[in-house]
Each structure stands twice: as C-alpha cells, then as structure tokens.
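Chain by chain, the residues:
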Amino acid sequence: MGKTIYAEQTLHGYANGHQLLASSCALELPDRKRMDELSDLSGRHSGEGFVNYYTGYPIENGNKYVISKTWYASEMIRPGCVWTHSLIFNTKDLGQISDLSRLISSFQRPVSSSFQDYLCRILLPAEGVKLFPSFDFQRLQYAIFTICASATSKCVIANSNSTCFESELFMVLCSLPQEILSTFTFCTMSYDVRKYGDSLFQYQIIPNAVRNIPTRNYSNIMVCEEFSSIEKYPYWIQCYMQALLQDTLQDLYCFIRQYGTEYMTFTCYNHFARLYFALIGEMEISLTEYIESISMLFKSSQPLSQKTMELLLDNTFFPEVFINQEYQLLEIIEMKHLWPQKDWIKKLKCKIIHNTPEKLYPYMQRYIVGSLPVQICELVEDIIHELSPNHLRVVSHMDSNICFVLIRKNYNMLLCPDIWKQPRDFQQEILCAIGRTLEPELIKKLLVLILQTDVENIAEDMYRVLGNPLLPLLYDAICFARLIGEDQLRNWTPILLKDPNLLLDRILSLPESNWRQELFLQIDMNGEGFAQCVKKERWISLYQEFFKKETSICRQVDIAIQFFPAVFCTTYHFDDDFVRDVVGTVYREAKNNTMNSGVWSRFQHILPQVEDYQAWDRCLRIRRALDEKGYIVALIESVT
C-alpha cells in the first residue's frame, strides 16, 4: 500500500438547531464552536437555486485545516437548514495529497438518517505523480491571481455558480505552503461577508446579486476584476501555474524559507514569487538588479539584502544563478551599507569541528554562564548546530550542564551512546533538555540506541517526555534493533500497554515469543467497545499465534479467557474450531470445578445473568452466552 494521509470527518446539520451530528474525532471547545458557526449557511438564503459550496479555514492554531462542503437540506421542514460535511487535515499534509479528484469526491451529502460513514477517518493517497482534476487554464490563472496577488481580503464575483472554480481552487489551495495555509480562509459562495473571528475571510466568491455588499459595509475588502475582463496575466502568474502543474512549487518555498519563515506570509508571498520566477526565467538579471528589485518590492529591504549577501557568501543561495559575483557583491555591500561576516565564520567553524573539537570545552564552560562576547557566542552556537553525536564527549567532558545545553541546541546530540551509559539521574536530566517535539526519525534512532545501550530502565521517563507519539516509533525501533535482551524488552512492557489497540495491531511483529505472550496476557480486553475495534482477522491471527502454539493447559486457559470479549462482546461470528478451543477450554475448567474465583471474575461480567438460585452454575451461564450469540452449545460439551 502506498503512502497515505488521513483526514478526520465531521457532519453538521439540523437537529433542534444547527449542530454537530457525527464526528470521527474529539474537538476542542473553541474549534467545535468555530466549526458549528462556519458550517452553517453563509448568509441569508431561501434555498431557491441553492448551489453547494466549499469553506476552508484553520483550527488548532493553524495546525489543522478544515475543508467543508455545504448542501441545502431541502428535505427539512425548517427553512434555511443545511448539511455540511467537513474534512479535517493536518495542515502540513494537505499539500501532500497526490490525487485531488479523490479529495473532491470525498465530500458526501447524507443519504439517510444513519451517519455511520462519518465516524471514521478518510485515507487519501500521498505519493506518486500529482493527479489533477479536469480544469481550465484561464480559470486556473484567475484563481492564482485572485488568491495570491495580495494579502488583502478579496471577493470574487460568480455570475454562474460556486462550482465554476472548484477544480482550480483546490489546485491552488493544495499547493499553498503550510505557513500560509495555516491562516488562509475561503468560501466559494458567500451570501454575506463572512468572518473568521474578528477578521474578514481572505477569499470569498459571492453571487452577483450581492456584489455591492462588501464595499458598502467594509472599506478593507477588495472586489476582484471579473474573470471575463482579464485578457492577460502577469508573467509570474503564468510561471506559477506551470510550477504548480509540474509540482515544483517546493522550489519557490525553499527560495522564500532561506530568508526566514517570518517571510512566509501572504504579504510577502507574491513579492517573493515575482523575484523567484524572474530569477529562473528566460531573461537573465544581474545581482544588482535583483537587489534593486528587493528594494522596490519590500518596505524593509535591508535585512533581505543582508541575508542575500550572507547566503551568497555561504554558497547556499537558491537558485544557483549568481556565480562568480564577487565584484558585484563588493559594490552592493558598499552601496547598501551591508557587511556580512559569515565568510570567515564558516571557515573557522569548519576548522574547529574537523580538527580540534576538544578545544571547545573551555568555550562551552563560558558559554553556559553567559560570559562570551556576542560574536564568539554566535560562533559557538553555529558550531553546536554542526556537531555530530560523536563530538559530545570531547566537547562537554560529560559535564551534565554542558550536555544539557548542547542537546537543547542540537537534538542530534541525543544519539551519543555515552549519554545512555551514565547513571539514571544524568539521563533524566538530559531528557529534560528536550523542549519541543523531536522528529520521528530522530526518536526512532534514539530508541534503537537506548534499547541496545541503556541499563538504567528509563522507559517511563522517555514516555513522560515524548508521550503517545513515542509508541509507534517504539515498535519500529524494537523490530529494527538487534540483540536486545528479554529483560531490556520487559522494561518497555508498561509503555506498550498504554495503547492496547496499537499493541494488538503490532504485537505479532515483536521479537521473543515469551515476551509477546506475556504482553498479550496483560492486555485489558474488557474496555467498552475495545474488542469490536479489533478486526476479526486480527483476532484469528492472535488465536493462531498464542492459543494454537501453546501446549500448557493452564496457560491455554489464561489465553482463552483473553479471547472471550472477542466471542461475546463483538458482532463477529467465529468458526467452530475457534469457539471450541476458546470457550471449550474455559468451559472444561468450569465443568470440572477447577477454576478459582479470581479467574472466574476476569470474565464472568460479560456472561448473561441467571436467576439467583442458578447463579452458582458457571457452566449454565457459558452455555447461555453461546446460545445468545448463535453458537452450537454442543461444540463445547465435547471438549475434554
């Protein structure tokens, strides 16, 4: 299966007021209120001639992005009711969707009173060649022009219906960088000016009938030229469209980000796009012309000009268009009063790292107490970012305070094996240096290292710092690592048990059969709805692995009890051998009166109740449970 991303779903509609009807995820109260509001009708409308429309906006401080489709609910008695199906993406994932047609077709209007289809995530492909829906080149350029040309809130007049730019809008939307998408709001058919909190929506398509409302009520909103009135678009718009279609806009984002993420805003976006496409265009421009263009486009141009000089001196400017420009650099430095210093810093930094990293120790002692001059402090920080894990011992002399600072500045230092050979107090202090979420790949490498090196059992400390994102990576690390002792693996048992669903899904991939079985027997199967969440095929695989391969009768009983919720608390119907083995094994113990009360109490609560005078008869309750589930009771009577 190829790489996929997922979207959570919600459905809003009328039920004693417009409200959330179904959801695949739990929403924070502020986000839920916002979705309740923005999923309702976008202004007053009678429903006559109503056309479905889309709305997009961020939640969770921009970390998630909602795209909704709204239909008029004409079947409702109350006028003005709508259905709104929303997909909630991680903002960073939206640009990875490889098939936009699949995204558009994922929106579904309810067809019955059952909303079950909205209670699970939707998966979308996220690799391979970018596939676009059918689109019109002129409309695509218009969408790029009206969305990206400025940061001003804009309205676009729709003479026909809101779906006239559907494909083109989604193509532009899913090509925007995460930083911009995290603040972008749009609606493809607003019957009144829409707001996101106290701010106007940034992009609204409005019907021709209400075209005067925006400018009459708001001075800070712009009504765009109509589609049919634009004969030719600026050069950068055409270039942007080609880059979008060729899926190379990441190059533009790299170009902007090299100046700093603070420039990845709508205010700067189109300015940088003009610069970038001019640089890679057919007409060659000089460095001087480029710096002058920066001065014309940006009010505060000196920091950008300074940054350009530093990038060029570091040989890191992207794209590589200014080669052997030393004299022009000198002219610009003098003309703009710029004086970048990174040329000598880079050389010095490389020499220290490669030749004498141990001489950094006295500087690190002074750095952590704040006694270094500013210039040297900046140099030390540059060096720290370039150090490898193998440098940590010689640079820090394993001083815990210095190690703490090194790791805060360079999380790769966590991969130094020497850390995980220290006493537990030292390791706990180092874990406290993790002040933000680590990259998954780094966490995985760290876990492999700890599994192979640590003898202090810091599993709980790792979980306390990294939380649930640690768990799937832990499975990968355990499977990847080699020569891990059973005692070391058992240190991580309490951590794996924190997510029983994930454990059942990954347990068969774990090493050491004894440990796997111990883990299985420690899972609490009795949580409400837990057994149903596990697929039937998974239950059968677990049965084949743990029950069928076990030869100890006592252990078979314990294992069989673990499968009781699968048999009696799910809608699954298992085959006769499964039921005979699982239920029959336990039934035999009950019939022979060899089952103590502690064992019986583990599962008796899921069996049917009987009259008080029959409550002593454990076998009766098991037979009743089988009968209620539609199984043949005789299956278990034959087990000896």
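Residues numbered from 1 in each chain as written. Predicted model: local features only at pLDDT ≥ 70, side-chain atom pairs only at ≥ 80, totals over all residues. Heavy atoms only, no water.

A. Structural context of the overall build of the protein chain. Scanning the protein chain from terminus to terminus reveals 34 helices and twelve strands. Along the longest, intermediate and shortest principal axes, the C-alpha atoms of the protein chain span 100 × 80 × 40 Å. Residue burial in the protein chain is summarised as follows: out of 640 residues, 52% are buried. A fraction of 67% describes how many contacts in the protein chain between residues 6 or more apart in sequence connect residues 24 or more apart. Here the protein chain carries 61 positive and 75 negative side-chain charges, and the mean point of each set is 2 Å from the other. (Helix = DSSP H or I, 4+ residues; strand = E, 2+ residues; numbered from the N terminus. Buried < 20%, exposed > 50% of the residue type's maximum accessible area, 1.4 Å probe, protein only. Contact = heavy atoms within 4.5 Å. Lys, Arg positive; Asp, Glu negative; His and termini not counted. Charge placed at Lys NZ, Arg CZ, Asp CG, Glu CD.)

B. Geometry of the environment of Y290. Within the secondary structure, Y290 sits in helix 11 (residues 287–297). Y290 sits in the buried class, given a relative accessible area of 0%. Spatially, the C-alpha atom of Y290 lies 8.9 Å from that of A278, the residues being twelve residues apart in sequence. Those residues in contact with Y290, other than ones at most four positions away along the chain, are F255, Y259, L275, L279, I285, T308, F317 and F322.

C. Here's a closer look at the pattern of salt bridges. Under the criterion given, the structure shown has 19 salt bridges. For the salt bridge of E8 with R121, the shortest nitrogen-to-oxygen distance reads 3.0 Å. With a gap of 113 residues between them, E8 in strand 1 (residues 4–14) and R121 in the loop between helix 3 (100–105) and strand 6 (122–125) connect regions that are remote in the sequence. Residue classification places R121 among the partly exposed residues on the basis of a relative accessible area of 46%. Its salt-bridge partner being R424, residue D461 comes within 2.9 Å of it at the nearest N-O pair. Linking D461 in helix 21 (residues 459–466) with R424 in helix 19 (residues 424–431), this pair joins segments that are 37 residues apart in sequence. (Salt bridge = Lys/Arg side-chain N within 4 Å of Asp/Glu carboxyl O.)

D. Focus on the packing of helix 31 (residues 576–591) against helix 33 (residues 618–628). Where helix 31 contacts helix 33, the two axes come as close as 9 Å, and the packing angle between them is 160 degrees. By the angle between their axes, helix 31 is roughly antiparallel relative to helix 33. The two elements helix 31 and helix 33 meet at a crossing, and its hand is left-handed. Where helix 31 approaches helix 33, its residues V579, V583, Y587, A590 and K591 are matched on the opposing element by R618, C619, I622, R623 and L626. (Axes fitted to C-alpha atoms, helices over the stretch in contact; angles between N-to-C directions. Parallel < 35°, antiparallel > 145°, perpendicular 65-115°, else oblique. Left-handed = near helix turned anticlockwise from the far one by under 90°.)

E. The packing of aromatic side chains, seen in detail. By the definition in use, this model includes 38 aromatic pairs. Judged by centre distance (5.0 Å) and plane angle (65 degrees), the rings of F135 and F137 are edge-to-face. Given the relative accessible area of 44%, F137 is considered partly exposed. With centroids separated by 5.7 Å and ring planes inclined at 40 degrees, the aromatic side chains of F317 and F322 adopt a geometry described as tilted. The ring centre of Y6 lies 3.7 Å from the NZ or CZ of R121, which sits over that ring. Sitting over the face of the ring of F480, K444 holds its NZ or CZ atom 5.6 Å from the ring centroid. (Phe/Tyr/Trp six-rings, centres within 6.5 Å; stacked < 30°, edge-to-face > 60°. Lys NZ or Arg CZ within 6 Å of the ring centre and 35° of its normal.)

F. The arrangement of the nonpolar core in detail. With 107 residues, the main nonpolar core has M462, W492, W539 and V583 as its most contacted residues. Here this core takes eight residues from helix 20 (residues 440–453), the largest share from any one element. Setting aside residues no more than four positions away along its own chain, V583 makes contact with F564, V567, F568, I622, L626 and I636. Formed by 101 residues, the second largest nonpolar core is a distinct cluster that contains L41, Y191, F255 and Y276. (Core = buried A, V, L, I, M, F, W, Y, C linked by side-chain atoms within 4.5 Å.)

G. Seen up close, the pairing of strand 3 (residues 53–59). The buried fraction of strand 3 is high, at seven of seven residues. Side chains of strand 3 alternate between two faces, with Y53, T55, Y57 and I59 and Y54, G56 and P58 buried alike. Pairing of strand 3 with strand 4 (residues 64–72) involves seven bridges; the strand directions are antiparallel. Across the sheet, the residue bridging to G56 is I67, located in strand 4. Turn length for the strand 3-strand 4 hairpin, with the two strands adjacent in sequence and antiparallel, is four residues, and the turn residue E60 shows positive phi of about 50 degrees. (Pairing = 2+ DSSP bridges.)

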